[in-house]
Every structure is written in structure tokens, then in C-alpha cells.
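Structural overview
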Amino acid sequence: MVRFSPLPLFPTLTVLVLLGPLAAGLWGTILPAFGHLPAAGETGPNLEAFHALFDWPGIGPAIRLSLVTGIVAAVLSLAITSLILAGWAGTRGFRLLERLLSPFLSVPHAAAAFGLAFLIAPSGWIARLFSPWLTGWDRPPDLLILNDPWGLSLIAGMVMKEVPFLLLMSIAALGQIDGSRRMALSQSMGYGRISAWMFAIFPAVYARIRLPVLVVLTWSMSVVDVAVILGPSTPPTLSVQIVRWMSDPDIAFRLQAAAAALVQLALVVGAVGLWFLGEKLLARMACARIEAGHRGHNDRTLRAMGFALGTAISLALLIGLLGLVVWSIAGFWTFPDLLPDQFTARSWIRHRAGSLDALGETALIAAIAVAVGMLLTVGCLETEERRNLRLTERGMWLIYLPLIVPQTAFLPGLQTLFLNLGLDMGRAPVVLAHLVFVLPYLRLSLEGPWKAWDTRQATVAAALGASPNCVLWRVRLPMLLAPLLTAIAVGVAVSVGQYLPTLLVGGGRIETLTTEAVALASGGDRRAIGVFGLMQTAAALVPFALALALPALIWRNRKGLLNG
Amino acid sequence: MADGLHLDKVAITHGGTQLITIDTHVTPGEVLTIMGPSGVGKSTLLSAIIGTLADSFDCSGHIILNGRDLTPLPPDERCVGILFQDALLFPHLSVGANLAFGLAPGGARAERRTKIDTALAEVGLEGFADRDPATLSGGQRARVALMRMLLSEPHALLLDEPFSGLDAELRGQVRDLVFEHARARALPVLLVTHDRDDAEAAGGPVINLG
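What you see is a predicted model; the values in this text were computed from it and never measured.

Conventions and cut-offs
- Residues numbered from 1 in each chain as written.
- Chains lettered and ligands numbered in written order.
- Predicted model: local features only at pLDDT ≥ 70, side-chain atom pairs only at ≥ 80, totals over all residues.
- Heavy atoms only, no water.
- Axes fitted to C-alpha atoms, helices over the stretch in contact; angles between N-to-C directions.
- Helix = DSSP H or I, 4+ residues; strand = E, 2+ residues; numbered from the N terminus.
- Left-handed = near helix turned anticlockwise from the far one by under 90°.
- Contact = heavy atoms within 4.5 Å.
- Nonpolar A, V, L, I, M, F, W, Y, C, P; charged D, E, K, R; others polar.
- Buried area = accessible area lost by both parts, 1.4 Å probe.
- Salt bridge = Lys/Arg side-chain N within 4 Å of Asp/Glu carboxyl O.
- Polar contact = N/O pair within 3.5 Å; in protein donor to acceptor, adjacent residues only side chain to side chain.
- Phe/Tyr/Trp six-rings, centres within 6.5 Å; stacked < 30°, edge-to-face > 60°.
- Buried < 20%, exposed > 50% of the residue type's maximum accessible area, 1.4 Å probe, protein only.
- Core = buried A, V, L, I, M, F, W, Y, C linked by side-chain atoms within 4.5 Å.
- Pairing = 2+ DSSP bridges.

Let us now look at the packing of helix H1 (residues 9-33) of chain A against helix H18 (residues 427-452) of chain A. All names here are of chain A. Axis separation between H1 and H18 bottoms out at 9 Å; the angle between their running directions is 120 degrees. Between H1 and H18 the crossing geometry is left-handed. Residue-level contacts link Thr 14, Val 17, Leu 18 and Pro 21 of H1 to Leu 432, Leu 435, Val 436, Leu 439 and Pro 440 of H18. Among the residues forming the contact of H1 with H18, the class breakdown is 8 nonpolar, 1 polar and no charged.

Take the interface of chain A and chain B next. Opposite the 25 residues of chain A that make contact, chain B presents 31 residues. Summed over both sides, the interface between chain A and chain B buries roughly 2400 Å², with carbon and sulfur atoms accounting for 59% of that surface. Viewed at the interface, chain B and chain A are joined by 4 salt bridges. For Arg 181 of chain A, the salt bridge goes to Asp 86 of chain B, with nearest N and O atoms at 2.5 Å. In this structure, the connection of chain A to chain B is made through 10 residue pairs in polar contact (both at pLDDT 80 or more). The set of elements that each furnish at least two residues to the side of chain A that touches chain B consists of helix H4 (92-101), helix H8 (179-188), helix H9 (193-222) and helix H12 (253-292) of chain A. The element contributing the most residues to the side of chain A that touches chain B is H8 of chain A, with 7 residues.

Residue and element names in this part refer to chain A. Inspection of every chain in the model, using the stated rule, returns 12 aromatic pairs over all chains. Aromatic side chains Phe 34 and Phe 50 sit 5.3 Å apart centroid to centroid with 50 degrees between the ring planes, which places their arrangement in the tilted category. One end of the pair, Phe 34, is in the loop between H1 and helix H2 (48-55); the other, Phe 50, is in helix H2, with 16 residues separating them in the sequence. Relative to Trp 245, the ring of Trp 56 has its centre 5.1 Å away and its plane inclined at 70 degrees; by these criteria the two rings are edge-to-face. With a gap of 189 residues between them, Trp 56 in the loop between H2 and helix H3 (59-88) and Trp 245 in helix H11 (residues 238-246) connect regions that are remote in the sequence. A relative accessible area of 5% places Trp 245 in the buried class.

In this section: the nonpolar core. Within the largest apolar cluster, 227 residues are counted, with the highest numbers of intra-cluster contacts made by Trp 197 and Leu 238 of chain A together with Phe 101, Leu 159 and Leu 190 of chain B. With 18 residues, H9 of chain A is the largest single contributor of residues to this core. The residues contacting Leu 190 of chain B, other than those within four sequence positions of it, are Leu 5, Leu 7, Leu 32, Ile 34, Leu 46, Ile 49, Leu 157, Leu 158 and Leu 159 of chain B. Counting residues in hydrophobic clusters, the runner-up holds 7 residues, among them Val 17, Leu 376, Cys 380 and Leu 439 of chain A.

To continue, consider the pattern of salt bridges. Residues and elements named next belong to chain B. Under the criterion given, the structure shown has 18 salt bridges over all chains. For Asp 195, the salt bridge goes to Arg 171, with nearest N and O atoms at 2.7 Å. A residue pair is termed long-range when its members are at least 10 positions apart, and Asp 195 in the loop between strand E8 (189-193) and helix H6 (196-202) and Arg 171 in helix H5 (residues 168-184) qualify at 24 residues. Residue Asp 195 shares its accessibility class with Arg 171, and that shared class is buried.

Here we come to the sheet that holds strand E4 (residues 57-65) of chain B. All names here are of chain B. Across the sheet, 4 strands lie side by side as E2-E1-E4-E5; this open sheet has antiparallel pairing. Pairing within the sheet leaves two strands with one partner each, and these edge strands are strand E2 (17-26) and strand E5 (68-69). Pairing geometry for E4 and E5, over 2 bridges, is antiparallel. Residue pairing in the sheet places Ile 64 in a bridge with Asp 69 of E5. Of the strands in this sheet, strand E1 (5-14), E2 and E4 touch helix H1 (residues 42-50), which is tilted by about 120 degrees from E1.

These results come straight from atomic positions and should not be treated as a statement about function.
In C-alpha cells form, the structure reads like this:
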């Protein structure tokens, strides 16, 4: 008897959810970019939107800012990550750094950016620490440190968030390539640690983290929330300008925004091409050095630099979050005092209603998106297992695609499309948009543990008469409880941190902790920023604490499941 | 006593438990075999000698190579070569570039190329310089790994079960080749194995651990 099996649905559905909004969004961007926007009474095709865009005096600087800050941040992040790994991987100091940095991975970008702002602003902690005894300042200096026109603080904020991400991705890759023996072998041939790493290990690690690196590159070029908080404002980066135009009450600006979104996409495609070229060039230079056999013994300074940078990043993240805490409970606080005169719960009380509403909305959206995402992801993994399918490299690209295509290139189009179709923007489309970004991370998080599970357990269960579904529900999923919960926590953190999908697809009417926090950036109410930033951080971190605590509680009498 | 590898009262402990104590001397051209079941810490001893012992281990005593105390030196200044069970050829480099990676620095480009070609010819792999290591057989890979290590001009050679991945016939050939090259260069050799045939072929003293 052939029974109907619902499983083949999952891969199809997943591909639809991943690519549907992407394709629809790009289509919705192309139409208005070429002058077709019935909702505004415009029918194309014409090039007026592009003319208007290039007549805008800020276009040159905006493009330059996006390109330079994005590429510099990506290069710096990869360089710092490599330096830390090259100098320290496998040592005690490295495990310390790893433990310091990994909790920060899930801290939302906006909260981390606010933390950095509180640290480096003219009235921030660093200036207070050295005032007035060293600097002579008795009030905050009139310096443009935040939102500086070159985007330096923007770059710092992006690097700070990207290094932990690339570091953890690289650590996972290191396990697959026998890094420690490669290192021992190269060192026994006389190579210094850093040279050994760069020539013998980095190429293999890089091949495995290439997609995450591309995610970092395109994200840096097009990020909006961090750029609103730390980036320059007149003109801002191209992506921030796109969002400004999209939020303009005059609907005609959507045409210009769409044209700019296509320019943004072209910039990213160009930068990725440039990046590939850089890879080739670097590989050729490395080969030339290997041919010459340079050993690079004197790497003490470089190693120290790697450690210092890693420590600085962890400290900046940690003290930044502490800054959010102090501001949220600060009473009267004058410059250059290191701490406020008194602590008070006033800010928390004042924002209680607003922040609780936003928390509810955030939790609801995350819960639905992650629940649907987990269903699809586990369904896909199980289907692949039963049908003996393997995720090819092309499949991997597909999963990463929503993370690589800049959000500002297709989310505006999604909004415009809803507008043209006369659909109301609300929670459901926002959940769908979140799902596009949650799904890849769920898959990446579950892939390893799922494949590492000993399938002989399934064979044993089947031999005892268990059906495949019974094996899934009663053997595999319970055994994988810890990684399943971790994946859920990752998914929630991703959803909590989403700014642009919530803002654009929600039509500005869906208010989550992240949209509220970023909206506060221009106002400068630091106490409110502290409250919302902390709530946002907690919403992302608490699920991780649960994901650690629950398996330990549930399996407290099952030692075999606790160490895995 | 100055020449050769001298393990002077070397003791390795892990969290207070003693794993290995050894006090011995390997003269140039001699092969000392260390035998014992897996888990007695044979590989740990090798890590201590090349200088990559993990922080959680403590090592006392002195490791002296040709009169030079290696104990305080970082791994890259010890001049001790090692061969593992897997050839560990770098998959991103051609066979020739793998050898170039090993070849001690210095010399003009053409000179370096010649040295690499000679090394390949020495082990019967003429013209293999441009090959992808992944296309080599197990025996060929082992030979390239040996030459890569020897080109870096080590002063001693450690062998961490380097023949166990090979089938019986190949095993004998590769083993003879390694010993022959080590003797020709008068290297003190320390062989770690759990195979009695390896120990016999080595023809040197045997220490049993565990």
C-alpha cells in the first residue's frame, strides 16, 4: 500500500519562502525604478527616477560612503578575525576570548551600536574618564565623533559585531580541517605561528567561511539600523537615504527610492566581483611567498596586536551594554562625572507601557516566525534524510541568498508591491519577511548537530518496530533537544534584531523593540535608549539562557545527553 | 653525548597524574621505537618534543638536540620534523608548492625549483610538481610528505605512526624509504607505533610504554 507522505512539501515550501519574497521584492523594485507606480498615478517605463536620483546632490558621497565603509569594515573584520585565530587558536588565551565574544553574537546590532555610541561620544565614558584632568574639558567637547562624515564610527560599530560572527564561523570550520595538526606540521618545518596559519590553514578555513564573509560584505554595505545610529547623516549612506525616501509622505519619492535600491544592488554586485578579484590576487601573492619559503619568525608584535584587538572588541561590547544599563537608571548626570548623581527607576516607569507593548509585538512576531521556520527546517532535514538527498553547494548558496542580497534592494519593493496590490500591510507580511531571514540561520544552526546524530540509533529503533515518524518524534528530536533549543534561540535573536523588514514591510505601523529603539536615535534621549536597548538585548539573550538551562534541567538524570 | 636527541628526565603530567617518564638518548642515524597501546600518551610525548603540548599538560626535564636545549624554544625554532599517519599535504597547493612550503628559505627561484625537482626524482615522482595532491595514491602522498619534511632540513625526525594508513606491501616500501633517507642524513629518529613489524624494521632500541 502506498501511503500519502506529506514530507516532499517541506523543501518546496522552504524554497518558496526563501525566494518568493526575494523575487517579488526585486520585481517590486524594478517596476517603480522605471517609472511604473500606479498607486502614485505613474505609468512607465521611463528613466525619470534615475534622472531625479542622479540630480540629487548627495548621490556621489552616498555611493562613496556605502562602498568605502562596507568594504573597509569587511576587510578589517576578516583581517582581525584571522589575526586572532592565527596568533592564538588552540591556546588558553583563545578559549578565554572565545568565551568572552560568543555571548555577544546574539546581542542585536542596534543595542551594540548604541553601546558603542555611549562609549565614544564626546560626552561618553571614554571622554569622561580622561576629563578634566587630562583633556581640560569641563563640558562635552564640540567634536563630531559619532556620525562623523567619513563613517569611521560606523565602521567601528560594524567591525565590532562582525568579528564575533566570523570568529565563531571559523572555529566551526577549524574542527573540520584538522587545524591543530596542520599547525604542528608547519611549525615543525620552521614556520612562525602566524605564517603557518596564513599559508597552511587560512586557505582551508576561508573556503568554508566564504559565504559568511560575503554576508558580512554585503551587510556592511547596506546596513540601515547601525548606520542610522553611528553613520553620517548629511548625506547618509545610500541605504539610509533609500529608507528616508521610502518613509516620505510624498509617495512620488518611492520612484527615486526604487532607483536607488537598484543602484545599491549594483554596488553590492560590483563589490562582490571586486572581492573575488581580491581573493585571486591574494592567493597568487601567498603562492609566491610560499615558493620563496619565508618563515616569518618574528610575529610577537602581530600576535600581541591580535590579542589586544580581540580584547578591545569584547570590552567595547561589554562596557557598551553596561552603558545602556547605567543610562536607563541614571538620575541627574553631569559631565565629566563617571557615574550619575543618583540612580532611579523613573525611566523604566515612564516607558513601561510603551516598552511592554513593543516587547509583546516583538515576541509574537518572533514566536510565529521561528515556529514556522523550525517546522520547515526540521521537515527539510528529515525529508533529505529519508530520500537520501544531499545539500549541494548550490543549495547552500540558495540558503545564503536572502542574507547576501542587500535588504534595501528588495524590501522597499515588497512594500511597493503590497501598495500596488492594495493589500494592507500588517503583522502577517512582517512575519513572512522575518521568516526569510530566520530560515537561513535555523538551517545553519541545526545542520551540524542533525548530521552528526548517530543514525544507528534510528536503525535500532526501526528494528524494534518503530515507524520513521515514531523514530523522529520519540528518538531523534528528544535526543537533539539541546541543539533544537539553541536553533530556536538563534532564530528568536535574528527576528528580534530585524529592523528594516519590520519598518518597511510593516509600513511603519508595526512597532517592535528594535524599531522603537532605532527611532530614538535621532532624539538623543539616552535614558529611553537605555531602556529600549536593554529590553531588546534581553529579548535576544533570554532565549539563549533558556536553551542552555532547559536541557540541563530536563535531562538532569541523563548524563549521556548532557555532554553532547 | 652532544650529538643526537637527548630526552633528559622528561616527565609529562596532566592534572597531577603522571603520564610518561622517559630518560633516553637517540644517536644520529639511529631509530628509537616507542611502543604501547593507544592512550598511553605516545603522541603527547611527540607534542612535547616539537613544542606543541597543550597548556593543560606539564612537562619537566630537558629535551636536548645536538647540544641545544629545545625546552624553552617555540616550535618553529626547534628544527624537529614530524610525520603523521596522514600525509597532510595541503590540498590548496600543488605537489611542487607543497614541497616549496617545506624547502628551507633562501636561494634563487630557479635554484629552488631544481631542488624540488631533484627531491621528487629521489622518490621516483619525476614530473609530479604540478599535480594536485588529491590525485596521488596513498604511497605517493607518503613520499611527498617525507620529502616536504626533509627539505625543511630538520635536525631530528619524529614519526607518529606514519605507516599505519598504508597496506602491508606499501607499508614495507615506505618504511624502508623513510629510514634510508633519515640514515643518509644522520638524523636521530623517534618512531611511535603499536606495530611490532615497524619496530623490527627500525632495527634500533625499543621502549615499551604502558
